Amino acid sequence: MGQGMISSRQRDILALIETEGTQSIEDLAHRYDLTTQTIRRDINALCDLGYARRFHGGVGVPVEGRNISVNARAQLNSNAKRLMARRVAGDIGPDATVFLGIGSSVQFVAEAFREHQGLTVITNNIHVALILCDAPAIEVHLTGGLLRHDDRDVVGADVIRFFEKFYATHAIVGAGALSAANGVMDFSYSEAQITNALIENSRACFLVADSSKWTRNASVRVAAFNKLTRFYTDRLPEDSAITSALENSAMEVVLCGEDNK
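Residues numbered from 1 in each chain as written. Predicted model: local features only at pLDDT ≥ 70, side-chain atom pairs only at ≥ 80, totals over all residues. Heavy atoms only, no water.

Undergrad: Hey, could you run me through the sheet that holds strand β9 (residues 168–173) in this one?
TA: Within a sheet, adjacent strands bond to each other through the backbone by hydrogen bonds, running parallel or antiparallel. Across the sheet, which stays open at both edges, the seven strands sit in the order β6-β5-β4-β9-β12-β14-β15 with parallel pairing between neighbours. The open sheet has two free edges, formed respectively by β6 (139–142) and β15 (252–255), since each of these has just one partner strand. Strand-to-strand twist across the sheet, computed as the mean angle between neighbouring axes with direction ignored, equals 20°. Pairing of strand β4 (residues 97–100) with strand β5 (residues 120–123), which is carried by four bridges, proceeds in the parallel orientation. What sits directly across from L100, in β5, is T123. Sheet strands in contact with helix α5 (residues 78–90) are β9, β12 (202–208), β14 (230–233) and β15, and its direction is about 145° off that of β14. (Pairing = 2+ DSSP bridges. Helix = DSSP H or I, 4+ residues; strand = E, 2+ residues; numbered from the N terminus. Axes fitted to C-alpha atoms, helices over the stretch in contact; angles between N-to-C directions. Contact = heavy atoms within 4.5 Å.)

Undergrad: Help me understand the pattern of salt bridges in this model?
TA: Two side chains of opposite charge can pair, provided their charged atoms sit close to one another. Tallying each qualifying case throughout the model produces seven salt bridges. One salt bridge connects D91 with R230, and the closest N-O pair in it is separated by 3.5 Å. Of the two residues, D91 sits in the loop between α5 and β4 while R230 sits in strand β14, which places them 139 residues apart along the sequence. The exposure class of D91 is partly exposed, given its relative accessible area of 33%. Using a relative accessible area of 19% as the deciding quantity, one classes R230 as buried. Salt-bridge contacts for D158 lead to R161; the nearest nitrogen and oxygen are separated by 2.4 Å. Taken together, the residues span about one helical turn, with D158 and R161 both in helix α8 (residues 157–163) at a distance of three residues. Residue classification places D158 among the partly exposed positions, given a relative accessible area of 46%. Overlapping salt bridges, with partners in common, bring together R87, D91, R230 and E252 in one network. (Salt bridge = Lys/Arg side-chain N within 4 Å of Asp/Glu carboxyl O. Buried < 20%, exposed > 50% of the residue type's maximum accessible area, 1.4 Å probe, protein only.)

Undergrad: So what exactly am I meant to see when it comes to the environment of F231 here?
TA: Following the sequence through the fold, F231 ends up in strand β14. Under the relative-accessibility criterion, F231 is labelled buried at 0%. Those residues within four positions of F231 in sequence are excluded, and the remaining contacts are L178, L207, A209, W214, L236, L246, M251, E252, V253 and V254.

Undergrad: Mind showing me how you'd approach the packing of α5 against helix α6 (residues 104–112) here?
TA: Helix-helix packing is characterised by the crossing angle of the two axes and by the distance between the axes. Remark: α5 packs on α6, axes separated minimally by 8 Å, with the N-to-C direction vectors making an angle of 50°. Considered as vectors, α5 and α6 are oriented oblique to each other. As for how α5 packs across α6, the hand of that crossing is right-handed. Every residue of α6 that contacts α5 at S78, K81, R82, A85, R86, V88 and A89 is listed here: S104, S105, F108, V109 and A112. Residues that form the contact of α5 with α6 fall into these classes: six nonpolar, three polar and three charged. (Parallel < 35°, antiparallel > 145°, perpendicular 65-115°, else oblique. Left-handed = near helix turned anticlockwise from the far one by under 90°. Nonpolar A, V, L, I, M, F, W, Y, C, P; charged D, E, K, R; others polar.)

Undergrad: Mind showing me how you'd approach the packing of helix α2 (residues 25–32) against helix α3 (residues 36–48) here?
TA: Relative orientation of the contacting elements α2 and α3 amounts to 110°, with a least axis distance of 9 Å. With respect to α3, the element α2 is oriented roughly perpendicular. Contacts between α2 and α3 involve I25, E26, L28, A29 and Y32 from the first element and T36, I39, R40 and I43 from the second.

Below is the structure:
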């Protein structure tokens with residue numbers, strides 16, 4: 001789903017309701033110095049696409065499709081995420097330029113990068129930046145944007161514009177969910193747009209996602225598997241639809257579970 005489908009201001013409104021919760025039309029009109037009629041048109045467009053939910057006098061996130069906080073996600077399948085992260089770090093040499101995106105799996109990759117030399121990292125992930133503060137040999141570029149407190153990252157149109165200033169050798173991205181039919185999925189449009197910006201502005205894109213992501217339901221399409229270079233995971237479900245989808249994509253699958261160390 002292309003970034004051109006919604007405007008820069010509409011992306012900012014989405015980021016705002018995802019970080020601060022429901023917003024009134026009057027407050028949004030004051031914030032952007034626009035008429036309430038203009039804001040209503042923005043909200044109607046977002047709701048028609050399924051990215052927001054109307055209520056009397058305002059707008060909020062859809063009822064379904066909420067994710068748990070990044071701190072809670074980091075505790076899930078942490079051993080698998082650590083093994084995947086070590087494999088990813090081992091496959092990226094020194095002096096690379098790397099996008100590190102949103103998600104707990106990406107945090108583990110940042111930890112595995114600490115001993116790398118000459119690495120340049122561009123990220124909107126606050127946890128990643130804090131982890132790499134202890135790695136003086138790594139140059140870190142941190143985007144501006146709207147802070148999401150539970151996710152410890154920043155989102156919004158400014159983030160996308162910042163990433164577009166670079167062309168990375170590698171992008172490391174996570175996923176809210178995985179689907180045999182739809183590929184990489186996520187819980188918010190803001191996250192999906194940022195991940196797409198990373199994919200489009202990098203030479204190679206590595207997806208890092210453990211097997212539990214196949215059982216989760218997220219409503220926003222991010223990218224088909226054939227848009228990605230490599231997929232690091234702990235194991236693959238025994239499902240013919242998943243097997244077929246991966247085989248039909250150009251994406252390389254790297255298994256990083258205990259049996260594959």
